[in-house]
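A look at the structure
Read off the chains here:
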Amino acid sequence: MRVGVFTGGGDCPGLNAVIRAIVRRTIGKYGGEVVGFKYGWAGMIDEKSLPLGIDEVSGILPRGGTILGTSRTNPYKIDGAPQKIHQTFKKLGLDGLIAVGGEDTLGVACRLFEEGLPVIGIPKTIDNDISGTDYTFGFDTAVHIATEAIDRLHTTAESHNRVVVVEVMGRHTGWIAVKAGIAGGADLILIPEEPFTLSEICEVIDRRHSRGKNFSILVVAEGAEFPKDGEDDCEESGVVVSRSGTDAFGHVKLGGIGNKLARAVEKRTGYETRVSVLGYVQRGGTPTAFDRVLGTRFGVAAADLVHAGQFGKMVSLQGDRVIPIEIEHATKNLKRVDSELFDVARTFFG
């Protein structure tokens, strides 16, 4: 058995645990070989590969990032790239390919499978927005990092009687914001799934001040839409982007809602307001124990699927079981924060 593997899209904690598990399972149980491709789909297009053995994956379990590198390459935006991927697969004598990535990487994998490429998907994203799986590895680490930041910001906000806006990642879903906001005791959580107005935000802050709480912590997901509901508001409403243009998959570069929200809140309420944008710190560093274990389980399950010849699947966590699902089902729609979870968070607003 000869297996190819690559990591695509944004990096996240737990990727190396996956790679290590695939190599150890393929070699240790099936006596096979593993070929790693550098920089996501680009590695298959450009034939940038390397053998992965026991020595190559030794000691990588606690490391963040990915030893294979990654990129946001969309083969369907490059002339002849899909055909080149098929050629590389055949040239290297692979029996199966394991694509480790988020919605975009897995969406490409689904299309290539429909064209005859034997591929297995492993869901990876700190955003936890892939359908069909309860959790993606990397998410738990991101929530822990964001929660610790909120804990630290509480003390400085209280000391200076300030409102602090914490902007977290998550793209067009609010999983990180909600989970970290609940865990960190945020006074308000703003996410894409639940529209809000500036008046509602300021009412919560004023209500806290009326009770003698002269500080507030607002957690906002980067993909939340900035509201506009007053004549004195000079900021434009809608999703906030940090720069113009889109990436290879048509996504805008989100970022900046924290700063816009802080200016608007301070102008409307008169309370001194600061912002902390956590950014890429949420994606870096050593993975939590949960993400190491989940990544390991996903890697082992994917190697087993290749051996069994069950292609066109994505491994998923449902309850406490890792089970395969059709990859096309996982890539149709984003998994959004459910109302029940947000209702729990809303209990503690103000």
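Structure: above.
Worth saying up front: this structure is predicted, and the values here are computed from it rather than measured. (Residues numbered from 1 in each chain as written. Predicted model: local features only at pLDDT ≥ 70, side-chain atom pairs only at ≥ 80, totals over all residues. Heavy atoms only, no water.)

Once that is clear, we can look at the packing of helix H8 (residues 198-210) against helix H9 (residues 257-269). To characterise two packed helices, one gives the angle between the axes of the helices and the distance between these axes. The N-to-C vectors of H8 and H9 enclose an angle of 65°; their axes lie 10 Å apart at closest approach. Seen from above, H8 lies across H9 with right-handed handedness. Of the residues in H9, those touching H8 at Leu198, Ser199, Ile201, Cys202, Ile205 and Asp206 are Leu261, Ala264, Val265, Arg268 and Thr269. Partitioned by chemical class, the residues of the contact of H8 with H9 number seven nonpolar, two polar and two charged. (Axes fitted to C-alpha atoms, helices over the stretch in contact; angles between N-to-C directions. Helix = DSSP H or I, 4+ residues; strand = E, 2+ residues; numbered from the N terminus. Left-handed = near helix turned anticlockwise from the far one by under 90°. Contact = heavy atoms within 4.5 Å. Nonpolar A, V, L, I, M, F, W, Y, C, P; charged D, E, K, R; others polar.)

One broad rule of soluble globular proteins: the nonpolar side chains tend to lie buried together. Judged by nonpolar contacts, the single largest core of 78 residues is most densely connected at Ile98, Ile122, Ile201 and Leu261. Those residues in contact with Leu261, other than ones at most four positions away along the chain, are Val165, Leu190, Leu198, Ile201, Leu218, Val220 and Phe226. (Core = buried A, V, L, I, M, F, W, Y, C linked by side-chain atoms within 4.5 Å. Buried < 20%, exposed > 50% of the residue type's maximum accessible area, 1.4 Å probe, protein only.)

The next point concerns unusual backbone geometry. Trans is the prevailing form of peptide bonds, just as negative phi is the prevailing case for residues other than glycine. Even without being a glycine, Asn128 presents a positive backbone phi close to 60°. In this model, Asn161 sits at a positive phi of 55°, which is unusual for a non-glycine residue. With respect to the helices and strands, the residue Asn161 is situated in the loop between helix H6 (139-160) and strand E6 (163-168). Relative accessible area serves as the criterion here: at 44%, Asn161 is assigned to the partly exposed category.

The next point concerns the pairing of strand E5 (residues 119-123). Most of E5 is tucked away, with five of its five residues classed as buried. Here E5 shows two buried faces, one formed by Val119, Gly121 and Pro123 and the other by Ile120 and Ile122. Across five bridges, strand E4 (residues 96-101) lies against E5 in parallel orientation. Across the sheet, Ala99 pairs through a bridge with Gly121, a residue of E5. Chirality of the crossover, the property in question, places the unit of E4, helix H5 (residues 103-114) and E5 among those that are right-handed. The pairing of E5 with strand E14 (residues 313-318) spans two bridges and is classified as parallel. Paired with Gly121 across the bridge in E14 is Met314. (Pairing = 2+ DSSP bridges. Right-handed = clockwise from strand over helix to strand, strands pointing away.)

To continue, consider the pattern of salt bridges. By the definition in use, this model includes 14 salt bridges. A salt bridge links Arg208 to Asp187, with the nearest nitrogen and oxygen atoms 2.9 Å apart. Of this pair, Arg208 sits in helix H8 while Asp187 sits in the loop between helix H7 (175-184) and strand E7 (188-190), and the two are 21 residues apart along the sequence. The residues Arg208 and Asp187 share a single accessibility class, namely buried. Here Glu272 ties to Arg274 by a salt bridge, and the two come within 2.6 Å at their closest N and O atoms. Judged by its relative accessible area of 37%, Arg274 falls in the partly exposed class. Overlapping salt bridges, with partners in common, bring together Glu47, Lys84 and Lys91 in one network. (Salt bridge = Lys/Arg side-chain N within 4 Å of Asp/Glu carboxyl O.)

With that settled, the discussion passes to the pairing of strand E2 (residues 33-37). Taken across its five residues, E2 has four buried, putting it largely inside the fold. Of the crossover connections in this fold, the one passing from strand E1 (residues 2-7) over helix H1 (residues 15-30) to the parallel E2 is right-handed. Inspection of the sheet shows E2 paired to strand E3 (residues 49-52) by four bridges, in the antiparallel sense. Looking at E3, one finds that Phe37 is bridged to Ser49.

This paragraph deals with H8. Taking 1.5 Å per residue, 13 residues should reach 18 Å; H8 reaches 18 Å between its end C-alpha atoms and fits that length. Within the span of H8, buried status applies to Leu198, Ile201, Cys202, Val204, Ile205, Arg208 and His209. The buried residues of H8 occupy an angular sector of 155° when projected down its axis, which confines them to one face. In this structure, the buried residues of H8 make contact with E6, E7, strand E8 (216-221) and H9. Positive backbone phi, approximately 90°, marks Gly212, located one or two places after H8. (Expected span 1.5 Å × (residues − 1). Arc of directions from axis to C-beta.)

This part takes up the sheet that holds E8. Strands in a sheet are paired, the pairing made by backbone hydrogen bonds, and the direction either parallel or antiparallel. Spatial strand order, E7-E8-E6-E13: four strands in an open sheet with parallel pairing. Strands with a single pairing partner mark the edges of an open sheet, and in this sheet they are E7 and strand E13 (273-277). Ignoring strand direction, the axes of neighbouring strands in this sheet form an average angle of 20°. Relative to E8, E7 runs parallel, the two sharing three bridges. Note that in E8 the partner of Leu190 across the bridge is Val220. Sitting on the sheet, H9 is in contact with E6, E7, E8 and E13, with an inclination near 170° to E13.

Any link to function would need more than the numbers given here.
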